[in-house]
Amino acid sequence: MRKGIIFVALLFHFNLFAQHNDLLGVWENGGRFVEFFTTSDALNMKIVLKPYYRYVYEPTEHFSTSVTSVENFDGLHILRITYPRTKQAVYLPICLIDDLLFTSFFQRNDYTSSEPYLPEEYRPYGITDEQARFAMNRHDSPLYGFWTEQGSRDGILLYPNEAPKYFDAYFFTDTEYFKFRYWLDTLEVSSNQCHFTDTNNITYTVPRVLQRGTLTYSCVTSNSSILRNFEKGVYTLKYSGGLYSVTLTPMGAGPGTNAAKDTYENPKYPEVVNLPLYITEDGKIFSYGEPFLFKTEITNLDEKAREHNSQKKTPIEPQLISDELEFYRERIKELEDMVLKGNQ
């Protein structure tokens, strides 16, 4: 019986390690290191900050964590972080693509459309309904479909992430894109839908309300069923050396009066040119731009921090040098005298 218990324990430890294998190690970005390591069959996280122009590597507390892989999604995991002095743990979706860790990314969602179907009289002999739908609705772009933002733009923090006030959504056709937002709302989750139309007069239908934990987000106001506040434009994909890049060219806004203010970071609708685009192997998740963390070759983060902090560093030159500043004292005195004379 004891051997059976030992075998089960070893098997559990192996499964735990295998599940964490892609996450274990030291990751970094310009502002911090994040290390995931196991102790006593538990996953832990350590953050080392890089403050003061990266002069100092500053270790912080250890955090108890766990990670769960999401079935039927390549690279998608739920990271559970228990912060000190907090009662509730934080659940943060993360996506691992190669040696990159994303905390903000887009996931495929269901939608419906009014795309044309193949009439019976035009079908080749023996073709099935499924084959006919595929023939009429096949798409060349790996981005075709409806995507919603997941995770947190703030990344992994030293304290619990706040719930976002909104998150972005995209709908891509083979050439066009529509960008809109789901805003924090008090509406109840329902099966109600909203719709919009592309330049080919094809109508797409997406959920009016989406749920994130206990919170709900809506992409329309009141009981409207028409999506009005959105950015629309065209996009191009490039594929070279095994990597994608995407260019988004905004062409205008939806008919809503708040479309520009609610959707655009810059009201001039700047073009996004050749952003790196990362897509998981199953095509269900993508992210563009820079990942939150890169995997490193560091094997001992504590030793790395001690070595870095022991180095003598040349002080940064001040941006303002007092000896080279001209305060125009004489000119200021002349102006003061002129004001005094004018008041007499």
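Residues numbered from 1 in each chain as written. Predicted model: local features only at pLDDT ≥ 70, side-chain atom pairs only at ≥ 80, totals over all residues. Heavy atoms only, no water.

Some thoughts on the sheet that holds strand β5 (residues 76–82)
Two orientations exist for strands paired in a sheet by backbone hydrogen bonds: parallel and antiparallel. We count it as follows: Think of it this way: DSSP has to see at least two bridges between two strands before they count as a pair. Going along the chain from the N terminus, every DSSP run of H or I of four or more residues is numbered as a helix, and every run of E of two or more is numbered as a strand. Between N-to-C directions, angles span 0 to 180 degrees; the directions come from axes that are lines fitted to C-alpha atoms, helices contributing only their stretch in contact. What makes two residues a contact is simply this: any of their non-hydrogen atoms within 4.5 Å.
Strands sit in the order β1-β2-β3-β4-β5-β6-β7-β21 around a closed barrel of eight strands; the barrel is antiparallel. Adjacent strand axes in the sheet meet at a mean angle of 35°, parallel and antiparallel pairs treated alike. Taken together, the three bridges between strand β6 (residues 90–97) and strand β7 (residues 100–102) define a ladder with antiparallel strand orientation. Paired with Leu96 across the bridge in β7 is Leu101. Contacts from helix α5 (residues 301–309) reach β1 (25–28), β2 (32–39) and β3 (42–49), with the element oriented near 15° to β3.

Some words on the packing of aromatic side chains
Inclusion rule: Centres within 6.5 Å are what make two rings of Phe, Tyr or Trp a pair, Trp counting through its six-membered ring; a difference in plane orientation under 30 degrees is then read as stacked, over 60 as edge-to-face, and the rest as tilted. Think of it in three bands: residues with accessible area under 20% of the maximum for their type are buried, residues over 50% are exposed, and the middle band is partly exposed, with areas taken using a 1.4 Å probe on protein chains only. Consider the ring centre and the ring normal. A charge sits over the ring if Lys NZ or Arg CZ is within 6 Å of that centre and within 35 degrees of that normal.
This structure, assessed with the given rule, holds 28 aromatic pairs. Ring centres of Phe171 and Phe196 lie 5.7 Å apart, and the angle between their planes is 75°; this geometry places the pair in the edge-to-face category. Here the residue Phe171 occupies a position in strand β11 (residues 166–172), and Phe196 occupies one in strand β13 (residues 193–197), the gap between them amounting to 25 residues. Take Phe171 and Phe196: they sit in the same class, and that class is buried. Just above the ring of Phe167 sits the side chain of Arg212; from NZ or CZ to the centre is 4.2 Å. The side chain of Lys284 reaches across the aromatic face of Phe73, ending 5.1 Å from its centre.

Topic: the nonpolar core
General note: in soluble globular proteins, nonpolar side chains tend to be found buried as a group. For the record, the criterion: In these notes, a set of buried Ala, Val, Leu, Ile, Met, Phe, Trp, Tyr and Cys residues joined through side-chain atoms within 4.5 Å is what counts as a nonpolar core.
Grouped together as the largest cluster of nonpolar side chains are 22 residues, with contacts concentrated most on Leu23, Phe36, Met45, Leu79, Leu101 and Ile156. Mapped by element, the contributors of at least two residues to this core are β2, β3, β4 (58–69), β5 and β6. Leaving out residues up to four positions away in the same chain, Met45 has contacts with Val34, Glu35, Phe36, Phe37, Glu61, His62, Phe63, Thr65, Ile81 and Ile156. If you look at the next biggest cluster of nonpolar residues, it comprises 19 residues, including Phe196, Val206, Leu210 and Tyr217.

A look at the pattern of salt bridges
This is how the line gets drawn: The term salt bridge refers to a side-chain nitrogen of Lys or Arg lying within 4 Å of a carboxyl oxygen of Asp or Glu.
Across all of its chains, the model carries eight salt bridges by this definition. Among the salt bridges present, the one from Glu61 reaches Arg85, with a minimum N-O distance of 3.2 Å. Taken together, the positions of Glu61 in strand β4 and Arg85 in the loop between β5 and β6 put the pair 24 residues apart, joining distant regions of the chain. For Glu61, a relative accessible area of 39% gives the class partly exposed. The shortest N-O distance in the salt bridge between Asp168 and Lys179 comes to 4.0 Å. Placement of the pair is Asp168 in strand β11 and Lys179 in strand β12 (residues 176–185), with a sequence separation of eleven residues.

Considering the sheet that holds β13
Spatially, three strands are ordered β9-β14-β13 in an open sheet, and the strand pairing comes out antiparallel. Taken across any chain shown, the strands that pair with only one partner, and hence form the sheet edges, are β9 (112–113) and β13. Direction of pairing for β13 relative to strand β14 (residues 203–207): antiparallel, over a ladder of five bridges. If you follow His195 over to β14, its bridge partner there is Thr205.

Here we look at the side chain of Asn29
The line we're drawing: Each polar contact in these results corresponds to two N or O atoms within 3.5 Å; when the atoms are within protein, one needs to be able to donate a hydrogen and the other to accept it, and residues that are neighboring in sequence are counted only if both atoms are side-chain atoms.
With respect to the element layout, Asn29 can be found in the loop between β1 and β2. For Asn29, the side chain forms a polar contact with the main-chain oxygen of Phe292, separated by 3.0 Å. Leave out the neighbours within four places in its chain, and Asn29 touches Lys50, Phe292 and Leu293.

So, the pairing of β1
Note that β1 and β2 share four bridges and pair antiparallel. Paired with Gly25 across the two strands is Phe36, which belongs to β2. Taking the residues between adjacent antiparallel strands as the criterion, β1 and β2 are bridged by three residues. Inspection of the sheet shows β1 paired to strand β21 (residues 293–295) by two bridges, in the antiparallel sense. Counterpart to Trp27 in the pairing with β21 is Lys295.

Here we look at the confidence of the model for the protein
Formally: Each residue carries a pLDDT score, the predictor's own confidence in it, on a scale running from 0 to 100.
Scored by pLDDT, the protein has a mean of 84; 78% of the residues are at 70 or more. Across the protein, element-level confidence peaks in β7 with a mean pLDDT of 98 and bottoms out in helix α1 (residues 2–20) with 45. Within the model, pLDDT remains below 50 along residues 1–17, and this stretch shows four contacts once partners closer than five positions in the same chain are excluded.

Considering the pairing of strand β20 (residues 285–288)
Of the pairings in the sheet, the one linking strand β8 (residues 104–109) to β20 comprises two bridges and is antiparallel in character. The residue of β20 that forms the bridge with Phe106 is Phe286. Judged from the three bridges that link them, strand β19 (residues 272–279) and β20 form a sheet pairing that is antiparallel. Note on β20: the bridge partner recorded for Ile279 is Phe286.

Re the environment of Leu293
Within the secondary structure layout, Leu293 lies in strand β21. In sequence terms Leu293 and Leu100 are 193 residues apart; their C-alpha atoms lie 6.0 Å from each other. Apart from the residues lying within four places of it in its own chain, the contact partners of Leu293 are Trp27, Glu28, Asn29, Val34, Asp99, Leu100, Leu101 and Ile156.

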